[in-house]
Amino acid sequence: MAQDVSRGWNFSSRNNVRHHTEEITVDHLLVRRGQAFSLTLYFRNRGFQPGLDNIIFVVETGPLPDLALGTRAVFSLARHHSPSPWIAWLETNGATSTEVSLCAPPTAAVGRYLLKIHIDSFQGSVTAYQLGEFILLFNPWCPEDAVYLDSEPQRQEYVMNDYGFIYQGSKNWIRPCPWNYGQFEDKIIDICLKLLDKSLHFQTDPATDCALRGSPVYVSRVVCAMINSNDDNGVLNGNWSENYTDGANPAEWTGSVAILKQWNATGCQPVRYGQCWVFAAVMCTVMRCLGIPTRVITNFDSGHDTDGNLIIDEYYDNTGRILGNKKKDTIWNFHVWNECWMARKDLPPGYGGWQVLDATPQEMSNGVYCCGPASVRAIKEGEVDLNYDTPFVFSMVNADCMSWLVQGGKEQKLHQDTSSVGNFISTKSIQSDERDDITENYKYEEGSLQERQVFLKALQKLKARSFHGSQRGAELQPSRPTSLSQDSPRSLHTPSLQPSDVVQVSLKFKLLDPPNMGQDICFVLLALNMSSQFKDLKVNLSAQSLLHDGSPLSPFWQDTAFITLSPKEAKTYPCKISYSQYSQYLSTDKLIRISALGEEKSSPEKILVNKIITLSYPSITINVLGAAVVNQPLSIQVIFSNPLSEQVEDCVLTVEGSGLFKKQQKVFLGVLKPQHRASIILETVPFKSGQRQIQANMRSNKFKDIKGYRNVYVDFAL
């Protein structure tokens, strides 16, 4: 009589613990490739007899499983050689049950698998059973896996940590924004797998797409394209218009979970809206959930070079006001992308490790809006001919900036700055709330010989490539390196090598007080005459709001100063921009660019100086009232305030935290009086132990992103 396993099969939750997936679930089998997992088979009539009986396992993934493509595998418990890279062996054998171990190869496609068995008994009969499903993930703990990371602290940070910080603001005021990645929250793994199935690749050729899911390079490009919705029903719509009436202001989000669940609940309709940090944060959630080590990177003064010549063009009028430009080249105040850790067997040796992936839809790559993976080492070494999208990423961190004066309908080339793009490249430190500066990973020190050599190497590679399709050689010629001060004063003469070009007068802005939202902005313009002659200056000053992608808004403040300087003399010119002058012109990013364009009466020389000011809010304070214990009530106090000297309306407080709240909490506060400070108490029941984080955001009709966070350690229930 054939054996009967209709009594079922079972897996131990220890599998998920050993495979570091217990944070996702212990109720379903969820394992990583290249690592064994165990099953117990229960027999009704008689036990399994090794040597007489044989168990043949069949695993299948995707809608069209195929042995040749590797999406179907057939392998035996028998000891003889099997051609399948999947293996199985006997652990223990009892009277009515048998424990076996299975192991997927470290190159297997990730995804949802169906497990079947065929029992071939010594009596010659064959019985087939469908046991059920399991999910297979990448395995950064397995040395043979392409995503292997040999540091346990790094694995804990870049795979297992479900919260973090995304750095925003400006290079002079870097602000950590707390974020709930929530990659292990309920249903997130299912949403991540659905995301793969909604890609254009799967829709076009599902068999090949599933077969390629063993490659982290391939999967990362698919995910990158699916986070934005420019080509498909991706997760997020991008919006940089400042008009978010039919969706959420990107600044209001505090986590990825609500975004992914909304996308899933609405039939995969793109969520409105995201900007660069939201795209990167959601991609971090998906990649960590799938098992690929991932971190979020912020690049301050990030170049967006639209024509591929490693030059960012900026245009100014005669008041020093920055203008928009038809080429759409910009310097983003900050830009956020991801780094994912993987081997790159498609590249020469040495270019594996951290790879840049940018889900913000900026430029197309092979016909779709995605960027990367681009090797970080290739970027540092100027190897811009290596896949994928390395020239674009190189320009984001190391392009030169060209200043142009627009006057009388004409454009005059003025100055090329070699060091203003790519500053304070930042990510969260490993197992710490501190910021880690990783600029040196991307480029050699600005001003060094190595940095210029790499830039010229990249330029020559792009120049050679451009000659095959377009004659842009003249555009790709670099100018001489020029050293600039902190506030970027620029001589607006056409660059030459004559000694007379040495700037004799310098201008610089200095803030007198911290720039707090709701208060006047007080600063001075410092003018220094470095020559032995008298100097009469006329200086045009202006202020305008900026979006974080560098797009300028209309000026709202202007002034003119006349300054006479004796030889070697320094003077200050006091300036003040009142709250009433700037309040109605601010963007959500709270960025103000102040500029000054100075000229001498007796000389054609002009000096441009600018400074970006980021206005700050008081943060939300969060207090945990009592000990946090799994499955026991916990009270949380949230203290917030209206920082403005005017009433604000439509106030909404949002609070979330993986393992602490089952879903995002929203509290409608209504109206807050001027300078009013208040608090509320929230009740929750933690359902996961370990280190956790609470994230909070308050929005109103006047501001969108007053944020706060609190780390909480949750103990096991006694």
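Residues numbered from 1 in each chain as written. Predicted model: local features only at pLDDT ≥ 70, side-chain atom pairs only at ≥ 80, totals over all residues. Heavy atoms only, no water.

1. Structural notes on the overall build of the protein
Along the protein, the regular secondary structure elements total 13 helices and 38 strands. In terms of its C-alpha atoms, the protein occupies a principal-axis envelope of roughly 110 × 65 × 40 Å. When burial is assessed residue by residue, the protein has 56% of its 718 residues classed as buried. Split by element, the accessible area of the protein, about 28,900 Å² in all, is 50% carbon and sulfur. Across the protein, the centroid of the 68 positively charged side chains sits 1 Å from that of the 74 negatively charged ones. (Helix = DSSP H or I, 4+ residues; strand = E, 2+ residues; numbered from the N terminus. Buried < 20%, exposed > 50% of the residue type's maximum accessible area, 1.4 Å probe, protein only. Areas by Shrake-Rupley, 256 points an atom, 1.4 Å probe, with all protein chains shown as cover. Lys, Arg positive; Asp, Glu negative; His and termini not counted. Charge placed at Lys NZ, Arg CZ, Asp CG, Glu CD.)

2. A short note on the nonpolar core
By size, the foremost hydrophobic cluster in this structure holds 68 residues, and its most contacted members are Val223, Ile227 and Leu290. The element contributing the most residues to this core is helix 8 (residues 276–290), with 13 residues. Residues Ala561, Tyr579, Ala628 and Phe640 belong to the second largest nonpolar core, which totals 55 residues. (Core = buried A, V, L, I, M, F, W, Y, C linked by side-chain atoms within 4.5 Å.)

3. Thoughts on the UniProt feature "binding site: Ca(2+)" (unreviewed entry) in the protein
As recorded in UniProt, the sites labelled "binding site: Ca(2+)" (unreviewed entry) are Asn398, Asp400, Glu446 and Glu451. Spanning 54 residues, the named residues nonetheless gather at one spot, since no C-alpha pair among them exceeds 11.9 Å. Summarising the element assignment, aspartate 400 is placed in strand 20 (residues 400–407). With respect to the helices and strands, the residue glutamate 451 is situated in helix 12 (residues 449–466). By relative accessible area, which is 1% here, glutamate 451 ends up buried. Apart from residues no more than four positions distant in its own chain, glutamate 451 is found in contact with Asn398, Thr418, Tyr444, Glu445 and Glu446. (UniProt positions renumbered as here; feature names shortened; annotations may be inferred. Contact = heavy atoms within 4.5 Å.)

4. Looking at helix 8
Counting along an α-helix, one turn takes 3.6 residues, and residues three or four places apart therefore face a common direction. For helix 8, which comprises 15 residues, the first-to-last C-alpha distance of 21 Å matches the rise-based estimate of 21 Å (1.5 Å per residue) to within 8%. Where burial is concerned, most of helix 8 is hidden: 15 out of the 15 residues are buried. Phi turns positive one or two residues past the end of helix 8, at glycine 291, with a value near 105 degrees. (Expected span 1.5 Å × (residues − 1).)

5. Focus on the domain arrangement of the protein
By the assigned domains, the protein splits into domain 1 (10–137), domain 2 (152–463), domain 3 (505–614) and domain 4 (621–714). For domain 2 and domain 4, the distance between their C-alpha centroids amounts to 29 Å. Counting residues at the interface gives 20 residues for domain 2, matched by 21 residues for domain 4. Connecting domain 2 to domain 4 are four salt bridges. Across the domain 2-domain 4 interface, the total number found is eleven residue pairs in polar contact (both at pLDDT 80 or more). (Domains from an automatic or database assignment. Salt bridge = Lys/Arg side-chain N within 4 Å of Asp/Glu carboxyl O. Polar contact = N/O pair within 3.5 Å; in protein donor to acceptor, adjacent residues only side chain to side chain.)

6. Observations concerning the sheet that holds strand 7 (residues 97–103)
Read across the open sheet, the four strands follow the order 1-3-7-6; overall the sheet is antiparallel. Single-partner strands in this sheet number two, and they are strand 1 (9–10) and strand 6 (87–93). Relative to strand 7, strand 3 (residues 36–42) runs antiparallel, the two being bridged by seven bridges. Counterpart to tyrosine 42 in the pairing with strand 7 is serine 97. (Pairing = 2+ DSSP bridges.)

7. Topic: the sheet that holds strand 18 (residues 353–357)
With antiparallel pairing, the six strands of this open sheet are ordered in space as 19-18-17-14-22-23. Looking at strand neighbours, the two that pair on one side only are strand 19 (374–375) and strand 23 (435–437), the edges of this open sheet. With two bridges joining them, strand 18 and strand 19 adopt antiparallel strand pairing. Residue pairing across strands places valine 356 opposite alanine 374, the latter belonging to strand 19.

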